[in-house]
Amino acid sequence: MVQITFVQPDGSRTTVDASEGASVMETAISQGIAGIFAECGGAMMCATCHCYVDDAWADKTGERENGEEDMLECAAAELKPTSRLSCQIRVTGALDGLVVHLPEEQA
Ligand code: FES
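Rules used throughout
Residues numbered from 1 in each chain as written. Predicted model: local features only at pLDDT ≥ 70, side-chain atom pairs only at ≥ 80, totals over all residues. Heavy atoms only, no water. Pairing = 2+ DSSP bridges. Helix = DSSP H or I, 4+ residues; strand = E, 2+ residues; numbered from the N terminus. Axes fitted to C-alpha atoms, helices over the stretch in contact; angles between N-to-C directions. Buried < 20%, exposed > 50% of the residue type's maximum accessible area, 1.4 Å probe, protein only. Contact = heavy atoms within 4.5 Å. Salt bridge = Lys/Arg side-chain N within 4 Å of Asp/Glu carboxyl O.

Right, let's get into the sheet that holds strand 4 (residues 83-85). Ordered by their spatial adjacency, five strands build an open sheet running 2-1-5-3-4, and the pairing between neighbours is mixed. Sheet topology places strand 2 (13-18) and strand 4 at the edges, where each strand pairs with a single neighbour. Neighbour to neighbour, the strand axes of the sheet diverge by 35° on average, direction disregarded.

What follows is the structure, encoded as structure tokens:
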């Protein structure tokens, strides 16, 4: 099992178990993490799953997917170099311990 820690804008942290093969967005939704809306269900059409990958993990989560950059432009919160659509980050064993920060707003 892979563990992912979600950090809210106020600094509160929640660590959950994630299944390999799921996305970070699916993990957040299934575990009731506040701050990830995922209105399009992972089709890369809403940007309400925007998150900031912790700097220490940015290399391990890889590059943004094709089209992700354009969708991120629609995100409600400030974009940062580590901004990702959490629906496009696939959970693998290499991401055990991943830390993801949530933005102030999603819509
Ligand atoms: S869930 Fe809509 S873009 Fe990720």
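From this point on, the discussion continues.
Now for the environment of Ser83. Of note, Ser83 is situated in strand 4. With relative accessibility at 0%, the residue Ser83 sits in the buried group. Distance from Ser83 to Ala58, taken between C-alpha atoms, is 9.3 Å for residues 25 residues apart in sequence. Every residue in contact with Ser83, bar those within four places of it in the chain, is listed here: His50, Cys51, Tyr52, Arg64, Leu72 and Glu78.

Attention now goes to the pattern of salt bridges. Applying the stated criterion to the full structure yields three salt bridges. For Glu26, the salt bridge identified is with Arg90, shortest N-O distance 3.7 Å. On the criterion of sequence distance, the pair formed by Glu26 in helix 1 (residues 24-30) and Arg90 in the loop between strand 4 and strand 5 (98-101) is long-range, its members being 64 residues apart. The class for Glu26 is partly exposed, based on a relative accessible area of 38%. What makes Arg90 partly exposed here is its relative accessible area of 44%. Across the salt bridge formed by Glu68 and Arg84, the nearest N and O atoms sit 2.8 Å from each other. Placement of the pair is Glu68 in helix 3 (residues 68-72) and Arg84 in strand 4, with a sequence separation of 16 residues. Judged by its relative accessible area of 4%, Arg84 is buried.

Any functional reading would require information that these geometric values do not contain.
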